[in-house]
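# Tertiary structure, described
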Amino acid sequence: MGLWDKLRGELIDIIEWIDGDGDGDVLVHRFERYGNEIKYGAKLVVREGQAAVFINEGALADVFEPGTYTLETKNLPILATLKGWKYGFESPFKAEVYFVKTKRMTDLKWGTKNPIMLRDAEFGPLRLRAFGTYVAKVKDPATFIREVVGTDGSFTPEEITSQLRNYLVSRFADVLGESRIPALDLAANYVELGDFVREKIAPQFEGYGVELIDFLVENISLPEVVEKALDDRTKMGVIGNLNAYTQLKAADAIEKAATTEGGLGGQLMGWGVGMGLAGQMGRTMMGGQNAGAAAPPPLATPAFWVAVNGQQTGPFDMQTLAAQVQAGRLTAESLVWCQGMAEWKPASQVPALQRLFGATPPPPPPPPPAPPQG
């Protein structure tokens, strides 16, 4: 080997980017060297999860996938055309080399800055907020460099994810309105919504050379006032009979107060006895001449439940049922039930309710026989 060949071998460059601790948030890295000169026969090392893009005087040239390359004319067809190399080259040449990460960017956040307005079939106009995560990666390094990075020597994910996030939120609002899913059923359709949004937004991402791999909806929340109303509605459904619930809570409170140390229990018990005596005295005074006799308890009237569209409503007293008959909401065919009945029956078959629909007159007597003809 001659002296020139030996010196020439020592001048061979190695072009590579080792993603170290300091470059953890870097998405695109420009390989820096003095004057951007690359020597003939230089070694290009592209690691897994990377791609190398050559730029010549602002024009996009060759793109290299993971592997090790010796930079010669045959490995640089586009750059050779731009440089006008017809028979190879031996002298150094100038070009910019950008390394692009192609591995997945995970746990990217998205969320609505302002509530999304939509019309719900059950609640009417609603304002919803939503947030979640998505996964993306650079699919086409050449397009990504051309459309997004430009000449930025150190490009971070935040510089592109903010724009992508705006697309996601905008398209999510459209999809949510188009889906017409009731607000109470949204939680059961997070996966379907995420897949639908990913399919709709993927073409816009590809325009930047980015692939949207996954889109996750983590939460869709209602306004605080609506959530409180739903909580109250759920509570009433669990409670059922409000009178029985009130009596139970009152009994619990009295029992707890009676066992409280410090005399408070005795005071509450005394207050309860006093209220009972006051009520008895009031009933006696209202009794007039019959003050010595206890007032008779009111007659108990049965309370009926009414089936409406397959749902039980009630219980209703006789006065309320009469009003429903007048309004046409309770008919003779309506199914009803009360304590003591073995099954639901039409209202017309329940003796206690028959009077609400009016008495049915008996059939008229037959006409008298005609007198005999003389």
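Residue numbers run consecutively from 1 along every chain, following the written order of its sequence. This being a predicted model, a pLDDT of at least 70 is required before a residue's local features are given, and a value of 80 or more before pairs of side-chain atoms are given or counted; all residues contribute to the totals for chains, interfaces and linings. Heavy atoms throughout the structure, all of them, feed into the side-chain values; hydrogens and water do not.

A tally of regular secondary structure across the protein chain gives ten helices and 18 strands. Counting across all 374 residues of the protein chain, residues that qualify as buried make up 29%. Between two residues, a contact is recorded if the distance between any of their heavy atoms is within 4.5 Å. Restricting the contact set of the protein chain to residue pairs at least 6 apart, pairs at least 24 apart contribute 64%. Helix and strand assignments follow DSSP, with helices taken as H or I runs no shorter than four residues and strands as E runs no shorter than two, numbered in order from the N terminus. A simple rule labels every residue: compare its accessible area, found with a 1.4 Å probe on the protein chains alone, to the largest value its type can have, and call it buried under 20%, exposed over 50%, or partly exposed in between.

The next thing to look at is the sheet that holds strand β17 (residues 335–338). A pair of strands is labelled paired if DSSP reports no fewer than 2 bridges between them. Across the sheet, four strands lie side by side as β16-β15-β17-β18; this open sheet has antiparallel pairing. Edge positions in the sheet fall to β16 (311–316) and β18 (345–346), since each of these pairs with one other strand and no more. By the bridge criterion, three bridges tie strand β15 (residues 304–308) to β17 in an arrangement that is antiparallel. Bridge assignment links V306 to a residue of β17, and that residue is V336. Axis lines are fitted to C-alpha atoms, over the contacting stretch for helices. Their N-to-C directions set the angle, which ranges from 0 to 180 degrees. Each of β15 and β16 is contacted by helix α9 (residues 318–327), which is oriented at about 125 degrees to β16, the strand it contacts most.

This brings us to the sheet that holds strand β5 (residues 50–56). Read across the sheet, five strands follow the order β6-β5-β9-β2-β13 without closing on themselves; strand pairing throughout is antiparallel. Bordering the open sheet on either side are β6 (59–64) and β13 (154–155), each of which pairs with just one other strand.

Each Phe, Tyr or Trp ring (for Trp, its six-membered ring) is paired with any other whose centre lies within 6.5 Å, and the angle between the two planes then decides the class: stacked below 30 degrees, edge-to-face above 60, tilted in between. Within this structure, the stated rule accounts for eight aromatic pairs. Measuring from ring centre to ring centre gives 6.5 Å for Y134 and F205, while their planes differ by 85 degrees; the resulting arrangement is edge-to-face. Taken as a pair, Y134 in strand β12 (residues 124–138) and F205 in helix α5 (residues 190–206) lie far apart in primary sequence, 71 residues in all. F205 shares its class with Y134; the two are buried.

Attention shifts here to the packing of helix α4 (residues 158–179) against α5. Each pair of packed helices can be described by the angle between their axes along with the distance between the axes. Following both chains from N to C, one finds α4 and α5 inclined at 130 degrees, their axes separated by 9 Å at the closest point. The pairing of α4 with α5 is recorded here as oblique in orientation. In this structure, the crossing between α4 and α5 has a hand that is right-handed. Counting all contacts with α4, which are made through L164, Y167, L168, R171, F172, V175, L176 and S179, the residues of α5 involved are L193, F196, V197, K200, I201, Q204 and F205. Of the residues assigned to the contact of α4 with α5, the class counts are eleven nonpolar, two polar and two charged. Our angle categories are set so that under 35 degrees counts as roughly parallel, over 145 as roughly antiparallel, 65 to 115 as roughly perpendicular, and the remainder as oblique. Put simply, a crossing is left-handed when the front helix is turned counterclockwise from the back one by less than a right angle, and right-handed when it is turned clockwise. Residue classes follow a fixed rule: Ala, Val, Leu, Ile, Met, Phe, Trp, Tyr, Cys and Pro count as nonpolar, while Asp, Glu, Lys and Arg count as charged, and any other residue, Gly among them, counts as polar.

Turning our attention to unusual backbone geometry. Each neighbour pair has its own omega, and for G314 with P315 the value is 5 degrees, a cis peptide bond. Examined against the element boundaries, P315 turns out to sit in strand β16.

Another aspect to go through is the pattern of salt bridges. One side-chain nitrogen of Lys or Arg within 4 Å of one carboxyl oxygen of Asp or Glu is enough to make a salt bridge. Across all of its chains, the model carries four salt bridges by this definition. A salt bridge links D107 to K109; the nearest nitrogen and oxygen atoms lie 3.2 Å apart.

With that settled, consider α5. Given a rise of 1.5 Å per residue, 17 residues ought to cover 24 Å, and the 24 Å separating the end C-alpha atoms of α5 matches this to within 8%. Within α5, the axis deviates most sharply at K200, by approximately 35 degrees, and proline P203 lies no more than four positions further along. The set of residues buried in α5 consists of Y190, L193, G194, V197, I201, A202 and F205. For α5, the elements touching its buried residues are β12, α4 and β14 (210–221). Helix span, expected: 1.5 Å multiplied by one less than the number of residues in the helix. Fitting axes to the seven residues ending at a residue and to the seven starting there, one defines the bend at that residue as the angle between these axes.

In this sheet, β6 lies alongside β5 in antiparallel orientation, the contact comprising four bridges. Looking at β6, one finds that N56 is bridged to A59. The turn joining β5 and β6, which pair antiparallel and follow one another in sequence, is formed by two residues; a positive phi near 50 degrees is taken by E57.

Moving on: α4. For α4, which comprises 22 residues, the first-to-last C-alpha distance of 31 Å matches the rise-based estimate of 32 Å (1.5 Å per residue) to within 8%. Turning to α4, its buried residues number three or more, namely I160, T161, L164, L168, V169, F172, V175 and L176. Buried residues of α4, seen end-on, are gathered within an arc of 165 degrees and therefore sit on one face of the element. A positive backbone phi angle near 55 degrees is found at R180, which sits one or two residues after α4. This arc corresponds to the set of directions leading from the helix axis out to the C-beta atoms.

The subject of this paragraph is the nonpolar core. For the purposes of this section, nonpolar cores are sets of buried Ala, Val, Leu, Ile, Met, Phe, Trp, Tyr and Cys residues that join through side-chain atoms within 4.5 Å. Counting 42 residues, the largest nonpolar core has V28, W110, Y134, F144, F172, L176 and I220 as its most contacted members. It is α4 that provides the largest number of residues to this core, a total of seven residues.

Further remarks concern the confidence of the model for the protein chain. Scored from 0 to 100, pLDDT records how confident the predictor is in each individual residue. For the protein chain, per-residue confidence averages 76 on the pLDDT scale, and 73% of positions sit at 70 or higher. Here residues 3–10 scores under 50 on pLDDT; set against residues more than four positions off or in separate chains, the count is three contacts. Across residues 288–293, confidence stays below pLDDT 50; counting only partners more than four residues off in sequence or on other chains, it has one contact.

In this structure, T161 sits in helix α4. In this view, T161 contacts L108 and Y134; residues no more than four positions away in its chain are not counted.

Attention shifts here to the side chain of T133. Tracing the backbone shows T133 in strand β12. T133 has contacts with D107, L108, K109, W110, F215, L216 and E218, leaving out every residue within four places of it along the chain.

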